[in-house]
Amino acid sequence: MTVEHKDEDLDQALRGYYHAILDGVTAPEHLRRQVLAHTEQKRWYMTPWAPVLALALASASFFVVLASSRMAEIIFGF
Amino acid sequence: MNSCANEVYAYLLARMGNRFDADDVFQSTFLKVRRFLPNFRGEASPTTWVMRIAMNEASSFRRDQGRELSLVTPEDALPDPSTDRMGYDPAQAETVQDITEGMRHLPGDLRDVLYFFYYKALSYEQIATLLGIPKGTVKSRIFRAKQELRVYLEAHRDRRT
């Protein structure tokens with residue numbers, strides 16, 4: 001262990017420290033997979049046409065309800 | 001994606017000081033990258049852009065969690081230099097462990113400049129551009145970080161002898 005932490009010694013120690021702990025480090029495969037899987041799950045509602053689809057579904061539901069109530073009115077005569 | 005992911009992960013490992021937090025921040029970083037990708041205007045390189053997101057995530061992670069590299073010992077936290085490298089040097093390992101301990105006492109902004117200066121070998125100007133701070137601030141942060149580390153290492157040496 002260096003006894004006196006002169007500036008050059010500390011510079012060298014810092015470079016050695018980073019190389020010792022970080023050289024060859026790669027992002028773990030399971031993390032990459034998790035990130036990709038999460039992205040795939042979210043992709044369907046992050047697409048640009050998602051709001052249009054939501055509006056279309058809402059409109060369709062409205063007309064189904066409207067048609068049902070009209071049918072009920074016709075069938076039961078009120 | 002691969003080289004960028006590895007670069008970001010190495011940074012996060014250095015910044016967070018342990019694999020658990022680095023994993024968490026890595027995930028949140030790339031989720032943000034996906035979310036904000038349509039807003040990327042190409043003013044910086046993609047790696048620089050992702051690295052900035054990672055730095056912001058690392059900073060906000062600390063604020064959210066309110067913890068400071070406390071629960072994990074350095075032996076568990078970081079790769080063991082002896083396991084995957086030839087020519088194991090006990091003196092170097094001791095220094096690595098001392099500096100790992102010293103790093104725990106440094107704030108994130110100081111750890112950042114040390115990482116980019118000593119590991120990525122970036123110039124003051126490049127670090128200033130990356131961090132969006134003046135060149136003088138980069139210099140002063142490096143000076144302050146080394147000063148704090150030196151004080152820690154001296155105190156540590158005194159306790160040991």
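The shown structure was predicted, so the numbers you read here are calculated from the model rather than taken from an experiment. (Residues numbered from 1 in each chain as written. Chains lettered and ligands numbered in written order. Predicted model: local features only at pLDDT ≥ 70, side-chain atom pairs only at ≥ 80, totals over all residues. Heavy atoms only, no water.)

A. Region of interest: the packing of aromatic side chains. All names here are of chain B. On inspection of all chains with the given rule, the structure shows 13 aromatic pairs over all chains. Aromatic side chains Tyr-9 and Phe-26 sit 5.7 Å apart centroid to centroid with 80 degrees between the ring planes, which places their arrangement in the edge-to-face category. Here Tyr-9, found in helix α1 (residues 2–16), pairs with Phe-26, found in helix α2 (residues 19–36); they are 17 residues apart in sequence, far enough to count as distant. The exposure classification of Tyr-9 matches that of Phe-26, with both residues buried. Between Tyr-11 and Phe-116 the ring centres are 5.7 Å apart and the planes differ by 15 degrees, which places this aromatic pair in the stacked class. On the criterion of sequence distance, the pair formed by Tyr-11 in helix α1 and Phe-116 in helix α6 (residues 108–119) is long-range, its members being 105 residues apart. When its relative accessible area of 1% is taken as the criterion, Tyr-11 is described as buried. (Phe/Tyr/Trp six-rings, centres within 6.5 Å; stacked < 30°, edge-to-face > 60°. Helix = DSSP H or I, 4+ residues; strand = E, 2+ residues; numbered from the N terminus. Buried < 20%, exposed > 50% of the residue type's maximum accessible area, 1.4 Å probe, protein only.)

B. Spotlight on the confidence of the model for chain A. Residue-level pLDDT values for chain A average 80, and 81% of them are 70 or greater. The lowest-confidence element of chain A is helix α2 (residues 29–46) of chain A, averaging 72 in pLDDT; the highest-confidence one is helix α1 (residues 7–22) of chain A, averaging 90. (pLDDT = per-residue confidence, 0-100.)

C. Region of the structure containing the side chain of Asp-23 of chain B. Along the polypeptide, Asp-23 of chain B turns up in helix α2. Non-local contacts of Asp-23 of chain B, meaning those with residues more than four positions away in its chain, are made with Pro-28, His-30 and Leu-31 of chain A together with Tyr-9 of chain B. (Contact = heavy atoms within 4.5 Å.)

D. Spotlight on the confidence of the model for chain B. Residues and elements named next belong to chain B. Mean pLDDT over chain B works out to 82, with 77% of the residues at or above the 70 mark. Element-level pLDDT for chain B is lowest in helix α4 (residues 74–77), with a mean of 48, against a maximum mean of 95 in α6. Note that pLDDT drops below 50 for residues 70–77; the model gives that stretch 14 contacts with residues more than four away or on any other chain. Under a pLDDT of 50 for its full length, residues 81–88 has, in the predicted model, 8 contacts with residues more than four places off or in other chains.

E. Up close: α1 of chain B. Residues and elements named next belong to chain B. Under the 1.5 Å per step criterion, the end-to-end length of α1 is 21 Å for 15 residues, consistent within 8% with the ideal 21 Å. Within α1, 12 of the 15 residues are buried, which leaves the element mostly enclosed by the surrounding structure. When we look at burial in α1, the residues that qualify are Cys-4, Ala-5, Asn-6, Val-8, Tyr-9, Ala-10, Tyr-11, Leu-12, Leu-13, Ala-14, Arg-15 and Met-16. Where α1 terminates, the next one or two residues include Gly-17, which has phi positive at roughly 85 degrees. (Expected span 1.5 Å × (residues − 1).)

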